[in-house]
Amino acid sequence: MSVTAAKGFTAAGIAAGIKGSGNPDLALVVNNGPRLAAAGVFTSNRVKAAPVLWSEQVVKGGRISAVVLNSGGANACTGPKGFQDAHATAEKAAEVLNKGGLESHSAGEVAVASTGLIGITLPMDKLLPGIEKAAAELSAHGGEKAAIAIKTTDTVHKTAVAGGEGWTVGGMAKGAGMLAPGLATMLVVLTTDADVEADVLDRALRDATRRTFDRVDSDGCMSTNDTVLLLASGASEATPEYDEFATAVRTVCDDLARQLVGDAEGASKDIRIEVVNAASEDDAVEVGRSIARNNLLKCALHGEDPNWGRVLSAIGTTRAAFDPDRLNVAINDVWVCRNGSVGDDRDLVDMRYREVRITADLAAGTESAVIWTNDLTADYVHENSAYSS
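It should be emphasised that the depicted structure is a prediction, and the values quoted were computed from it without experimental measurement.

S.K.: What should I look at first to understand the packing of aromatic side chains in this one?
M.R.: By convention here, two paired aromatic rings are described through the distance between centres and the angle between planes. Applying the stated criterion across every chain, the model contains 2 aromatic pairs. In this structure, R203 is placed above the aromatic ring of Y242, and the distance from its NZ or CZ to the ring centre is 3.8 Å.

Listed below in structure tokens is the structure:
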């Protein structure tokens, strides 16, 4: 149930001393081949962390032999030294893995990912020896430990698996805050033992992230470090049809995205926003995001108040095509707004459970989209005001 579910991969997660708490903070995932194909998508934030800048270069080659991930520091906004540290991390991983008698590794095929506070220089005197320790603990059963090591404010580690006849797609993710991505969300590593080329991986990954991670909008804050990588070992010697493979990748991404929402900082409600009958998919996504980012609505839902007026207010801020007098809104399947006005009795809406479903009908076309978010709570404010300490 993780990055080692697919054949040809080993992983490890250890405590390198990056975190003052002593909790696990360094993960290593290794592709043992025979294929080293890879693809990746990254944050669209114009302020990018050094590991993102490094890994973007690595992915251009279409090959990744290993990924080093650390929690306890984002290595973002750290200037030239930050990039040098990301490079040194990749160099160390290649050196250690070659020393271990594994397949030939080069720094240019080692991706790096970091998460934690922005503006903090990584303690390389702990991180680099940690890579040696992690390499010594690499195992085909190490996926869960790797997933634990990349947690920050996450309360649980996140893994998922899917696949087809004789081949598997597995993955791990971290993320509980700053979930409002473009193409990715926080740190995700996906692996497959299917025998597929890098361009196929890229196509499948972009299609999956566009409809899963890119539609998680927890708090409207986009990270500097968002990274999603997909690695293929080819160890199963099976080459599935594209549609079957893409469906498996999307299934794993969707599972992980739902886990991210469920673990969002301080959340007490998971909110599914489905926009239907939009003039275009872009309109549906824009409206869904606007509803997801309406803090007044998120507060109301936390208080179990089906305040549909705030849904209409959010829709009205978008550029989407609609007639205000034809808008319909349902909350937990009760159509509380019909034709832009009062609908069914709002007291019929049962808000006791964790999941809240909002349907916004634009009556302007046939396209749709689903966005996931969560409520806004006092616990969220407390956690993010105390995080840096």
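S.K.: What should I look at first to understand the nonpolar core in this one?
M.R.: The tendency in soluble globular proteins is for nonpolar side chains to be buried side by side. Core analysis: the largest hydrophobic core is formed by 53 residues, its most contacted members being I64, V67, L69, M172 and L229. In terms of residues, this core owes the most to one element, helix α2 (residues 79-99), which gives 6 residues. Counting 34 residues, the second largest nonpolar core, distinct from the first, contains A162, A173, A204 and A246.

S.K.: Where do I start with unusual backbone geometry in this structure?
M.R.: Leave glycine aside and you will find that most residues have negative phi; peptide bonds, for their part, are mostly trans. The omega torsion of the bond from G33 to P34 falls at 20 degrees, within 30 degrees of zero and hence cis. Considering the arrangement of structural elements, one finds P34 in the loop between β2 (26-31) and β3 (37-42). A positive phi angle is found at E304, which is not glycine, with a value near 60 degrees. Relative to the assigned elements, E304 resides in the loop between α8 (295-302) and α9 (308-315). On the accessibility criterion, E304 (37% relative accessible area) is partly exposed.

S.K.: Please clarify how the pattern of salt bridges should be interpreted in this entry.
M.R.: Two side chains bearing opposite charge may form a pair once their charged atoms approach each other closely. Here the structure, examined in full by the defined rule, presents 27 salt bridges. Two residues, K92 and E95, come together in a salt bridge whose shortest N-O distance is 3.9 Å. Highlighted residues: K92 and E95, both in helix α2, separated by 3 residues, approximately one helical turn. The partly exposed category is assigned to E95, whose relative accessible area is 41%. A salt bridge links R210 to E281, with the shortest nitrogen-to-oxygen separation between them at 2.8 Å. Of the two residues, R210 is situated in helix α5 (residues 198-211) and E281 in helix α7 (residues 281-292); the sequence distance between them amounts to 71 residues. Accessibility expressed as a relative area gives 29% for R210, which makes it partly exposed. Members of the salt-bridge network, linked through shared partners, are D207, R210, R211, R215 and E281.

S.K.: Which parts of the structure should I look at to understand the side chain of T4?
M.R.: By secondary structure assignment, the location of T4 is in the segment before β1 (9-14). By relative accessible area, T4 is classed as buried at 15%. A polar contact is formed between the side chain of T4 and the backbone oxygen of A140, at a distance of 3.2 Å. For T4, the residues in contact, after removing those within four places along its chain, are F9, T10, A11, S139, A140, H141, G142 and G143.

S.K.: I keep staring at the packing of α2 against helix α3 (residues 124-136) and nothing clicks. Help me out?
M.R.: In a packed pair of helices, the relevant descriptors are the angle between the two axes and the axis-to-axis distance. Contact geometry of α2 with α3 gives a least axis separation of 9 Å together with a crossing angle of 25 degrees. Comparing their axes, α3 and α2 come out roughly parallel. Crossing of α2 over α3 shows right-handed handedness. Here K81, D85, A88, T89, K92, A93, V96 and L97 of α2 lie close against α3, whose contacting residues are M124, L127, L128, I131, E132 and A135. Of the residues contributing to the contact of α2 with α3, the split by class is 9 nonpolar, 1 polar and 4 charged.

S.K.: Explain the packing of helix α1 (residues 50-60) against α2 here, please?
M.R.: Across the interface, α1 lies against α2 with an axial gap of 8 Å and an inter-helix angle of 55 degrees. One element, α1, and the other, α2, form an angle in the oblique class. In the packing of α1 onto α2, the handedness of the crossing is right-handed. Between α1, through A50, P51, L53, W54 and Q57, and α2, the contact on the second element is made entirely by G82, F83, A86, H87 and A90. Residue composition of the contact of α1 with α2, grouped by class: 7 nonpolar, 3 polar and no charged.

S.K.: Any chance you could explain the pairing of strand β6 (residues 158-164) here in plain terms?
M.R.: Taken residue by residue, a regular strand's side chains alternate between the two faces of the sheet. Bridge count for β6 against strand β7 (residues 167-174) is 7 bridges, and the pairing is antiparallel. Note that in β7 the partner of K158 across the bridge is A173. Between the end of β6 and the start of β7, which pair antiparallel, lie 2 residues, with G166 showing a positive phi angle near 85 degrees.

S.K.: Would you take a moment to explain the sheet that holds strand β5 (residues 110-115) for this structure?
M.R.: By way of backbone hydrogen bonds, the strands of a sheet pair with one another, either parallel or antiparallel. Taking strand neighbours across the sheet as the criterion, the 4 strands line up as β1-β2-β4-β5 in an open arrangement whose pairing is mixed. Edge strands, defined here as strands with exactly one partner in the open sheet, are β1 and β5. With direction set aside, neighbouring strand axes in the sheet form an average angle of 10 degrees. Where β2 meets strand β4 (residues 66-71), 5 bridges bridge the pair, whose relative direction is antiparallel. Directly across from L26, in β4, lies its bridge partner N70. Sitting on the sheet, α2 is in contact with β2, β4 and β5, with an inclination near 130 degrees to β5.

S.K.: Mind showing me how you'd approach the sheet that holds strand β15 (residues 367-374) here?
M.R.: The strand order across the open sheet built from 6 strands is β13-β12-β11-β14-β10-β15, with neighbouring strands paired in mixed fashion. The sheet is open, and its two borders are formed by β13 (341-342) and β15, each paired with just one other strand. Examined bridge by bridge, strand β11 (residues 328-331) and strand β14 (residues 355-361) share 4 bridges and lie antiparallel to one another. The partner of N328 across the bridge, within β14, is D361. Packing of helix α6 (residues 242-262) onto the sheet brings it into contact with β10 (270-278), β14 and β15, and relative to β15 it is tilted by some 40 degrees. On top of the sheet, α9 reaches β11, β12 (334-338), β13 and β14; it is set at about 135 degrees to β11, its chief contact.

Reading the values: rules and limits
Residues numbered from 1 in each chain as written. Predicted model: local features only at pLDDT ≥ 70, side-chain atom pairs only at ≥ 80, totals over all residues. Heavy atoms only, no water. Phe/Tyr/Trp six-rings, centres within 6.5 Å; stacked < 30°, edge-to-face > 60°. Lys NZ or Arg CZ within 6 Å of the ring centre and 35° of its normal. Core = buried A, V, L, I, M, F, W, Y, C linked by side-chain atoms within 4.5 Å. Buried < 20%, exposed > 50% of the residue type's maximum accessible area, 1.4 Å probe, protein only. Helix = DSSP H or I, 4+ residues; strand = E, 2+ residues; numbered from the N terminus. Salt bridge = Lys/Arg side-chain N within 4 Å of Asp/Glu carboxyl O. Polar contact = N/O pair within 3.5 Å; in protein donor to acceptor, adjacent residues only side chain to side chain. Contact = heavy atoms within 4.5 Å. Axes fitted to C-alpha atoms, helices over the stretch in contact; angles between N-to-C directions. Parallel < 35°, antiparallel > 145°, perpendicular 65-115°, else oblique. Left-handed = near helix turned anticlockwise from the far one by under 90°. Nonpolar A, V, L, I, M, F, W, Y, C, P; charged D, E, K, R; others polar. Pairing = 2+ DSSP bridges.

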